[in-house]
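Examining the three-dimensional arrangement
The primary structure of each chain is shown beneath.
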Amino acid sequence: QVKLVESGGGSVQTGDSLRLSCAPSGRTFSSYAMGWFRQAPGKEREFVATIRWNGVTTYYTDSVKGRFTISRDNAKNTVYLQMNSLKPEDTAVYSCAAALAFTPNLGLPESYDAWGQGTQVTVSS
């Protein structure tokens, strides 16, 4: 069973930056894509960004374009989310996920096979 572990969350001020990391716990694996989702209190889980196995093809939700950058290190099976110019509305629990095989819609949580437990990001004004 693939397990993922996130790190790098925390409490910051508006305009600050954070870098989230997500790595497998235990055995390594190959994935078609790895993504980040977030969930704020009282809201549904929201797609943030995803990156395909080639490390080049990326997709972002509109609200983070130009501020967040997703990247991956295939040798380490690790995915990163660099978050710049953070806003209070970015406050949420951020979870990483892995799609182990091809899936057509990487914006949907059900397209992913493995998840991490999440890491809290809090942005205060």
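In case you missed it, the structure is sitting above this.
In short, a report on the structure. (Residues numbered from 1 in each chain as written. Predicted model: local features only at pLDDT ≥ 70, side-chain atom pairs only at ≥ 80, totals over all residues. Heavy atoms only, no water.)

Focus: the pairing of strand β9 (residues 92-99)
- Summarising burial for β9: 7 of the 8 residues are buried, a large majority.
- Judged from the 7 bridges that link them, strand β4 (residues 33-39) and β9 form a sheet pairing that is antiparallel. If you follow Trp36 over to β9, its bridge partner there is Cys96.
- Across 3 bridges, the pairing between β9 and strand β11 (residues 119-124) is antiparallel. Pairing of Tyr94 across the sheet is with Thr119, part of β11.
- Inspection of the sheet shows β9 paired to strand β10 (residues 114-115) by 2 bridges, in the antiparallel sense. Residue Ala98 lies in a different strand from β10, and its bridge partner there is Ala114. (Buried < 20%, exposed > 50% of the residue type's maximum accessible area, 1.4 Å probe, protein only. Helix = DSSP H or I, 4+ residues; strand = E, 2+ residues; numbered from the N terminus. Pairing = 2+ DSSP bridges.)

Let's talk about the sheet that holds strand β8 (residues 78-83)
- Read from one edge to the other, the open sheet built from 4 strands follows the order β1-β3-β8-β7, with strand pairing classed as antiparallel. Each edge of the open sheet is held by one strand with a lone partner, namely β1 (4-7) and β7 (68-73). Averaged over all neighbouring strand pairs, the angle between strand axes comes to 15 degrees, with direction disregarded.
- As paired elements, β1 and strand β3 (residues 18-24) share 4 bridges and run antiparallel to each other. (Axes fitted to C-alpha atoms, helices over the stretch in contact; angles between N-to-C directions.)

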